Amino acid sequence: MNQFTKRFRFFRFPSLSGFTGSPLDEGSHKIMNNFDFKPQDTAAWKRLKTHANITTINVVDELTSDRKRVEDFSVQCGQLRLDFSKNLITREIWQDLLALVYESPFDKHREAMFTGQRINTSEDRQVLHTLLRAEMADDIDQLYKGMIGIVRAQLDMVEVFSKKIRSGSWIGVNGEAITDVVNIGIGGSALGPKLACEALVEYSQSVPRIHFISNVDGAALNATLAKLDANKTLIVVASKTFTTQETLLNSTTAANWFEQEIGVKNSQYSAHFVAITANSANAIAYGINPRHILEFEEWVGGRFSLWSSIGFSLVVSIGIDNFKQLLAGAREMDLHFKTSPINKNMPVALALMNIWYCNFMKFQTHAVIPYCERLNSLPSYLQQLEMESNGKSVSRGGETLEYETCGIIWGQTGTNGQHAFFQLLHQGTFCAPVDFIAAINDSTSELLHHKVLLRNMLAQGSALIKGQNSTADAPHCYYSGNKPSNTILMDSLTPHNLGSLIALYEHKVFVQGSIWSINSFDQWGVELGKSMAQKLLNTEESNNSFDASTSALFDYINDRTL
Ligand code: F6P
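This is a predicted model, so every value here is computed, not measured.

Caption draft 1: Here's a closer look at the overall build of the protein. Counting its secondary structure elements, the protein contains 21 helices and eleven strands. Taken over C-alpha atoms, the radius of gyration comes to 25 Å for the protein, in line with the 24 Å a tight globule of 562 residues would show. Dimensions of the protein along its principal axes, counting C-alpha atoms only, are 75 × 60 × 60 Å. Split into buried and exposed, the 562 residues of the protein put 53% on the buried side. Within the protein, contacts between residues separated by at least 24 positions form 74% of all contacts whose residues are at least 6 apart in sequence. Carbon and sulfur atoms form 53% of the exposed surface of the protein, whose accessible area is close to 24,500 Å². Both charge centroids of the protein, one from 49 positive and one from 57 negative side chains, sit 4 Å from each other.

Caption draft 2: Up close: the nonpolar core. Residues Trp94, Phe312, Leu375 and Leu501 are the most contacted members of the largest nonpolar core, which totals 121 residues. With twelve residues, helix H15 (residues 346-361) is the largest single contributor of residues to this core. Residue assignment places this core across two domains, with domain 1 (26-128 + 326-516) and domain 2 (134-318) each supplying three or more. When residues no more than four places from it in sequence are discounted, the contact partners of Phe312 are Val158, Phe161, Ser162, Ile165, Val236, Val274, Ile276 and Leu294. By size, the runner-up hydrophobic cluster in this structure holds 20 residues, among which are Val237, Phe273, Ala275 and Ile288.

Caption draft 3: The pattern of salt bridges, seen in detail. Per the counting criterion, the structure on display carries 25 salt bridges. The residue Lys362 makes a salt bridge to Glu404 at a minimum N-O spacing of 3.0 Å. Of this pair, Lys362 sits in the loop between H15 and strand S8 (365-370) while Glu404 sits in the loop between helix H16 (378-390) and strand S9 (408-410), and the two are 42 residues apart along the sequence. Assessed through its relative accessible area of 46%, Lys362 is described here as partly exposed. For Glu404, a relative accessible area of 31% gives the class partly exposed. Note that Glu527 and Lys530 form a salt bridge whose closest N and O atoms lie 3.7 Å from each other. Note that Glu527 and Lys530 are positioned in helix H20 (residues 527-537) at a spacing of three residues, about one turn of the helix. Overall, Glu527 belongs to the partly exposed group, its relative accessible area being 34%. Assessed through its relative accessible area of 47%, Lys530 is described here as partly exposed. Put simply, Asp66, Lys68, Asp72 and Arg91 are held in one network by salt bridges that share partners.

Caption draft 4: Summary view of the site of the ligand. Within the structure, the ligand sits among 13 residues, and Ser189, Ser239, Thr241, Thr244 and Glu388 are positioned closest to it. A distance of 2.5 Å separates an oxygen atom of the ligand from a polar atom in the side chain of Thr244. The contact in question runs from an oxygen atom of the ligand to an N or O atom on the side chain of Glu388, over 2.5 Å. When the free accessible area of the ligand is taken as 390 Å², the share hidden by the protein chains comes to 89%. Residues that form the shell around the ligand fall into these classes: two nonpolar, eight polar and three charged.

Caption draft 5: Structural view of the domain arrangement of the protein. Segmenting the protein into domains produces domain 1 (26-128 + 326-516), domain 2 (134-318) and domain 3 (525-560). Each of domain 2 and domain 3 has a C-alpha centre, and the two are 33 Å apart.

Caption draft 6: Fine view of the sheet that holds strand S3 (residues 180-184). Spatial ordering of the open sheet is given by S4-S3-S5-S6-S7, a layout of five strands whose pairing is parallel. The open sheet has two edge strands, strand S4 (209-213) and strand S7 (293-295), and neither has a second partner. The average angle at which neighbouring strand axes cross in this sheet is 20°, direction not considered. Bridge count for strand S6 (residues 273-277) against S7 is three bridges, and the pairing is parallel. Bridge assignment links Thr277 to a residue of S7, and that residue is Glu295. Relative to the sheet, helix H10 (residues 218-225) contacts S3 and S4, its axis offset from that of S4 by approximately 160°.

Caption draft 7: Spotlight on the environment of Val348. Examined against the element boundaries, Val348 turns out to sit in helix H15. Between the C-alpha atom of Val348 and that of His507, which follows or precedes it by 159 residues, the distance is 7.8 Å. Val348 has contacts with Val101, Phe106, Phe337, Ile342 and Val511, leaving out every residue within four places of it along the chain.

Caption draft 8: Structural context of the sheet that holds S9. The six strands are arranged S1-S2-S11-S10-S8-S9 in an open sheet whose pairing can be described as mixed. Bordering the open sheet on either side are strand S1 (74-77) and S9, each of which pairs with just one other strand. Pairwise comparison of adjacent strand axes, ignoring direction, gives a mean angle of 15° for this sheet. As paired elements, S1 and strand S2 (residues 80-83) share four bridges and run antiparallel to each other. Bridging across to S2, Val75 finds its partner in Leu82. Packing of helix H18 (residues 447-466) onto the sheet brings it into contact with strand S10 (434-441) and strand S11 (485-492), and relative to S10 it is tilted by some 150°. Sitting on the sheet, helix H19 (residues 495-516) is in contact with S2, S10 and S11, with an inclination near 155° to S11.

About the cut-offs
Residues numbered from 1 in each chain as written. Predicted model: local features only at pLDDT ≥ 70, side-chain atom pairs only at ≥ 80, totals over all residues. Heavy atoms only, no water. Helix = DSSP H or I, 4+ residues; strand = E, 2+ residues; numbered from the N terminus. Rg over C-alpha atoms; globule rule 2.2 N^0.38 Å. Buried < 20%, exposed > 50% of the residue type's maximum accessible area, 1.4 Å probe, protein only. Contact = heavy atoms within 4.5 Å. Areas by Shrake-Rupley, 256 points an atom, 1.4 Å probe, with all protein chains shown as cover. Lys, Arg positive; Asp, Glu negative; His and termini not counted. Charge placed at Lys NZ, Arg CZ, Asp CG, Glu CD. Core = buried A, V, L, I, M, F, W, Y, C linked by side-chain atoms within 4.5 Å. Domains from an automatic or database assignment. Salt bridge = Lys/Arg side-chain N within 4 Å of Asp/Glu carboxyl O. Near = heavy atom within 4 Å. Polar contact = N/O pair within 3.5 Å; in protein donor to acceptor, adjacent residues only side chain to side chain. Nonpolar A, V, L, I, M, F, W, Y, C, P; charged D, E, K, R; others polar. Pairing = 2+ DSSP bridges. Axes fitted to C-alpha atoms, helices over the stretch in contact; angles between N-to-C directions.

Okay, here's the thing in structure tokens:
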């Protein structure tokens, strides 16, 4: 534990160590978390089902006849604009979707998150990533202002460490400054910083360079280390739990590399290793020097952790001031989410469109297509954010759900996708709604390139919704049209706007979790595979504890292993 967090830990301990979010008894805890809510029993849900069965919608006709549709189906938050007018909804359906929100516990649930109730019930944890970007002046309970103090102290440590590294005063064992930082982490401990480092490359300092290693496939780590000079390399081990198999194995291999390259034994303890974790005890047991640990709190979920010390590699890349801009952008979205009316609330609109498709139109996938090369990693980031959060089939109260949750999120950048899967989007037999995302201005690209990029995006959205009639001799030229999309525009891809964009999707996930009555903040579905992998690692011979296919594959691999 470092000196800053030590101080603040002492300060908060008496009041928060046994804190349960509020003095709630068992019954009110149940009500606060709305274990009993069943969306399918609401009047709005039933009306929406009827709409899906009988209402025929031609969106182009709606856009033509309803002059206010675009305005009413658009929402602004700072420099972000969402146009959701190209969706398969009438005004009546929109009203019923809003009614579903009103009939759901969303309002109370949102308040519960922002006020630190333990809404992650299966892990008995608060969900306070919004506190990482809050200001003291915000309308937050006095208790949480104390917690902002802890967050600030942790951010101060990130600033101190990152400034030393950026300025060249963080010195390796042989007295050399750091030129390369390797972030070893997976899932939430990598995807956010990687996305943001790529998106904000324009703001980055050329040295140190940042590398991300996640996969346990040694090829990834070896290829990166082969290019680096151990004297000038810093390994950042990012792991909330400090138990993740891939991360620990990659870190150990990296530690051995220092020994081979420059003869440093137990290099985990040296100045070549920094750990970021919510579990310092594990990091110390692993061999990290306690003075090289950047902490964050347990109430920061892995996939919501970019804003915490997990953002360290990003801070090394873009500097603390730009990182604070990212936080400010996320905060702007938080305030919008908290205070805007439901019908002009961007995360709510995004969530409702998806609920309409997932639960009523039965569209099973959702494509995210950034028309922005720097947002190349956004689809993978959102895959974890949405699917790990809401890919659930049991309610908060433990009941098996009778309705769909979270569709499959997929995508890649435009215009690349146009030459790969857009054929299916336009003429395939499945309907996959799309989120188009773009920056209006881009100083990293020539004006003409950017114009071509944005016009392509507009053309795709329009072609999807308008379609095209075929002639008798060219039925293959028929486009049904009526294929829905959202368009999210930002003035430019700044740290601030990136913060708002990511927070937008975080809150979208929250709204959906509230309505679907699920806990969006745990991920028990990843545990079984982890424990089975461990079992397989502990055995050299196939046995009956696996299915016959897996046992046969195990033997086949063993037989052919050279
Ligand atoms: O396996 C899923 C998961 O637990 C994610 O939720 C998390 O982001 C990732 O693994 C990495 O976990 P950690 O930061 O504890 O290494």
